[in-house]
Amino acid sequence: MPAYYSQPAAANYSSPPPHAQKQRGYRICDQCGQVETPVVRFRLCGGCMVTQYCSQECQKVHWPHHKAICQHTTSQIASIKQHAASYPDENIAKNLRKFCSAHTSLLCWVGFQALQLKRVPSNIRQHALIIDLAPHNHPEGQRRFSVASTRIVKRSYIGDPLVLADIQRRDDRCRQNGGIGALVVLVQCAGISQVMPIEVDPPSKISWDTREDWAAVLHHFVESGRTDFQPISTTARGNIQYGY
Ligand SMILES: [Zn+2]
Ligand SMILES: [Zn+2]
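These numbers come from a predicted model, not from an experiment.

**Describing helix H2 (residues 92–102)**
In step 1: Listed in full, the buried residues belonging to H2 are Ile 92, Ala 93, Asn 95, Leu 96, Phe 99 and Cys 100. Around the axis of H2, the buried residues are gathered within 165° of arc, so they sit on the same side.

See the structure below:
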């Protein structure tokens, strides 16, 4: 069974806030949902070094809810480090984290398209997207992996009750705020499974069309090491506009 741990920063997938340059895929405070800006940088939880907050106050308020998953994440990462010798790349957990951060907007878009959430929003409750990566020997951090395969699985594929509880918490929060729930993308390599919960706004707020070439787009950006993915959309005149 792979070791699961959560993505460093919860991301959301929604209408752009006014200050944002990028259109989608932001980091949000795990307590209040505020979006990180270039001015107010978030602080990481000192325990797991993965969850992030807009302020010390939010971190304090969140601690009773975060404690269990925090300790779980810490022990998962420790056990990965312990077994690191058996992997070709001992920094694989760290590199996976970097990969997910660098490609956040791409991964949010790919998950949304793969589960066809624009057309069938209820898929979000049932399914998750798995992206299996193969390690690469490449000096550039964002090019240390290539995409080996992708598949859609039942959410129950994640057997870890603490990780599931954490996803459930994000689901509830997202729905309370009018969204459809937390989209789950699992990025896996060498027995490590990084869980990316992406909180999604209602489809009515998202103008993207249903495209089926998400896998090709994913390959293209990952292989070329490009981290400047922009959402792809159909313009008002019906022309398809690629983000690359
Ligand atoms: Zn906050
Ligand atoms: Zn923590």
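And the narrative resumes.
**What about the coordination of the zinc ion (ligand 2)?**
In step 1: Surrounding the zinc ion (ligand 2) are the protein donor atoms Cys 45 (SG), Cys 48 (SG), His 66 (NE2) and Cys 70 (SG), at 2.1 to 2.4 Å.
In step 2: Here the zinc ion (ligand 2) binds four donor atoms, and the angle range of 104 to 114° at the metal identifies the geometry as tetrahedral.

**Here we look at the environment of Phe 145**
In step 1: When you line up the elements, Phe 145 lands in strand S7 (residues 145–154).
In step 2: Accessibility expressed as a relative area gives 1% for Phe 145, which makes it buried.
In step 3: Measuring from C-alpha to C-alpha, the distance between Phe 145 and Phe 99 comes to 8.1 Å, with 46 residues separating the pair along the chain.
In step 4: Setting aside residues no more than four positions away along its own chain, Phe 145 makes contact with Ile 92, Asn 95, Leu 96, Phe 99, Leu 133, Ala 134, Pro 135, His 136, Cys 189 and Val 222.

**Describing the nonpolar core**
In step 1: Residues Leu 133 and Leu 183 are the most contacted members of the largest nonpolar core, which totals 36 residues.
In step 2: Of the residues forming this core, the biggest block, seven residues, is contributed by helix H3 (residues 104–114).
In step 3: Apart from the residues lying within four places of it in its own chain, the contact partners of Leu 183 are Cys 108, Gly 111, Phe 112, Leu 115, Leu 117, Ile 124, Met 196, Pro 197, Ile 198 and Val 200.

**Section: the coordination of the zinc ion (ligand 1)**
In step 1: Within the first shell, the zinc ion (ligand 1) binds the protein through Cys 29 (SG), Cys 32 (SG), Cys 54 (SG) and Cys 58 (SG), at distances of 2.3 Å.
In step 2: Given four donor atoms and angles of 104 to 115° at the metal, the environment of the zinc ion (ligand 1) is assigned as tetrahedral.
In step 3: Sequence spacing among the residues donating to the zinc ion (ligand 1) works out to C-x2-C-x21-C-x3-C. Here Cys 32, found in the loop between strand S3 (26–27) and strand S4 (43–44), pairs with Cys 58, found in helix H1 (residues 56–82); they are 26 residues apart in sequence, far enough to count as distant.
In step 4: Taking the relative accessible area as the measure of exposure, Cys 58 reaches 12% and is therefore buried.

**Regarding H3**
In step 1: Within H3, eleven of the eleven residues are buried, leaving the element largely enclosed by the surrounding structure.
In step 2: Of all the residues in H3, the buried ones are Thr 104, Ser 105, Leu 106, Leu 107, Cys 108, Trp 109, Val 110, Gly 111, Phe 112, Gln 113 and Ala 114.
In step 3: The positive-phi residue at the C-terminal boundary of H3 is Gln 116, with phi of around 55°.

The rules we used
- Residues numbered from 1 in each chain as written.
- Chains lettered and ligands numbered in written order.
- Predicted model: local features only at pLDDT ≥ 70, side-chain atom pairs only at ≥ 80, totals over all residues.
- Heavy atoms only, no water.
- Buried < 20%, exposed > 50% of the residue type's maximum accessible area, 1.4 Å probe, protein only.
- Helix = DSSP H or I, 4+ residues; strand = E, 2+ residues; numbered from the N terminus.
- Arc of directions from axis to C-beta.
- Donors = N, O, S within 2.8 Å, 3.2 Å for Na, K, Ca; no water.
- Tetrahedral: all angles 85-135°; square planar, octahedral: opposite > 155°, others 65-115°.
- Contact = heavy atoms within 4.5 Å.
- Core = buried A, V, L, I, M, F, W, Y, C linked by side-chain atoms within 4.5 Å.

Function cannot be inferred from these measures alone, as they are strictly geometric.
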